[in-house]
Amino acid sequence: MATGHTDPRRRERILAATLDLIADEGVAGVSHRKVATRAGVPLGSMTYHFSGIDDLLRQAFTLFADHIVAVFEQHLSRAGGPEEAREAVTDLVHALSEGPRRDLVLAQELYTLAARHPEYRQLTREWTHRSRRLLEQHFDTDTARQLDALIEGLTLHRALDDFPHDRELTRAAVERVTTARQV
């Protein structure tokens, strides 16, 4: 029988602390020591649970991608037809852009990392594939691809603008993309 103290949520706390640290200091600020301190775990826990910084970052960003896909699913799963799906996409853009600044920063940090390192590009491809599959429940493949880009662009613009555009502009953009004739 084990006599040591077990901490079944230690790994999850480390991943959450990693994402918080990335949001505060960027990927460049991540170190085992900083994450361990932030997570309130012994430094040795880092190498016990993760093979290195890249493994830690990949797993943390995978957790983040899962979170964003869940937000997509939450909005898109309740849509019954094309009009409800358009409204769900509009709601999604506004939920993401008005949501935690942390999520916006984490997405941009992941994209920057993916632009530099192929293994992170694979992670972002998997993330966008999952998001598009949810959009494809309501729209054809090409439209889902366009909507995915529109969602990201409008979310970023709304989040960073001093005077973000209103729901009507979002709704009109979604309408254009989803009702345009395919050439």
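Note that the structure is predicted; figures quoted are calculated from it, not measured.

**Student:** Residue-level account of the pattern of salt bridges, with values.
**Tutor:** Tallied over the entire structure, the rule returns 16 salt bridges. Salt-bridge contacts for aspartate 7 lead to arginine 10; the nearest nitrogen and oxygen are separated by 3.4 Å. Across the pair aspartate 24 and arginine 38 runs a salt bridge whose closest N-O atoms are separated by 2.7 Å. Of this pair, aspartate 24 sits in helix H1 (residues 10-25) while arginine 38 is found in helix H2 (residues 32-39), placing the two residues 14 residues apart along the sequence. Judged by its relative accessible area of 37%, arginine 38 falls in the partly exposed class. When salt bridges with common partners are traced through the structure, they connect Arg78, Glu87, Asp91, Arg167, Glu168 and Arg171 into a single cluster.

**Student:** Explain helix H5 (residues 82-98) residue by residue, including any values.
**Tutor:** The end-to-end C-alpha separation of H5 is 24 Å, in line with the 24 Å expected for 17 residues at 1.5 Å each. By the burial criterion, the buried members of H5 are Ala85, Arg86, Ala88, Val89, Thr90, Leu92, Val93, His94, Leu96 and Ser97. The inward-facing, buried residues of H5 abut helix H4 (53-76), helix H7 (118-135), helix H8 (141-160) and helix H9 (167-179).

**Student:** So what's going on with the packing of aromatic side chains? Which residues, and what values?
**Tutor:** A full pass over the atoms with the stated rule returns two aromatic pairs. Judged by centre distance (5.7 Å) and plane angle (10°), the rings of tyrosine 111 and tryptophan 127 are stacked. Here tryptophan 127 lies in helix H7 and tyrosine 111 lies in helix H6 (residues 101-116), a separation of 16 residues in the sequence. Residue class for tyrosine 111 comes out partly exposed when judged on its relative accessible area of 24%. Here the aromatic residues Phe64, Tyr111 and Trp127 are joined through ring pairs into a cluster of three or more.

**Student:** Summarise the nonpolar core; cite the residues concerned and give the values.
**Tutor:** Nonpolar side chains tend to gather and get buried jointly when the protein is soluble and globular. Among the nonpolar cores identified, the biggest contains 52 residues, and Phe61 and Phe72 are the most heavily contacted of them. Every element with two or more residues in this core is listed here: H1, H2, H4, H5, H6, H7, H8 and H9. A total of 11 residues in this core trace back to one element, the largest contributor, which is H4. Non-local contacts of phenylalanine 72, meaning those with residues more than four positions away in its chain, are made with Leu92, Leu96, Ser131, Leu134, Leu135, Asp148 and Ile151.

**Student:** Give a detailed account of the environment of leucine 134, specifying residues and quantitative values.
**Tutor:** Note that leucine 134 resides in helix H7. Taking the relative accessible area as the measure of exposure, leucine 134 reaches 9% and is therefore buried. Sequence separation between leucine 134 and phenylalanine 72 is 62 residues; the distance between their C-alpha atoms is 7.3 Å. Once you skip the residues sitting within four places of it in the chain, leucine 134 turns out to touch Val69, Phe72, Glu73 and Leu76.

**Student:** Lay out the packing of H1 against H4 with the relevant residues and their values.
**Tutor:** One way to put it is that H1 packs onto H4 with a least axis distance of 9 Å and a crossing angle of 85°. Here H1 lies roughly perpendicular to H4, going by the angle between them. Facing Arg11, Ile14, Leu15, Thr18, Leu19 and Ile22 of H1, the residues of H4 in contact are Leu56, Leu57, Gln59, Ala60, Phe61, Leu63 and Phe64. Classifying every residue of the contact of H1 with H4 gives 10 nonpolar, two polar and one charged.

Rules used in this analysis
Residues numbered from 1 in each chain as written. Predicted model: local features only at pLDDT ≥ 70, side-chain atom pairs only at ≥ 80, totals over all residues. Heavy atoms only, no water. Salt bridge = Lys/Arg side-chain N within 4 Å of Asp/Glu carboxyl O. Helix = DSSP H or I, 4+ residues; strand = E, 2+ residues; numbered from the N terminus. Buried < 20%, exposed > 50% of the residue type's maximum accessible area, 1.4 Å probe, protein only. Expected span 1.5 Å × (residues − 1). Contact = heavy atoms within 4.5 Å. Phe/Tyr/Trp six-rings, centres within 6.5 Å; stacked < 30°, edge-to-face > 60°. Core = buried A, V, L, I, M, F, W, Y, C linked by side-chain atoms within 4.5 Å. Axes fitted to C-alpha atoms, helices over the stretch in contact; angles between N-to-C directions. Parallel < 35°, antiparallel > 145°, perpendicular 65-115°, else oblique. Nonpolar A, V, L, I, M, F, W, Y, C, P; charged D, E, K, R; others polar.

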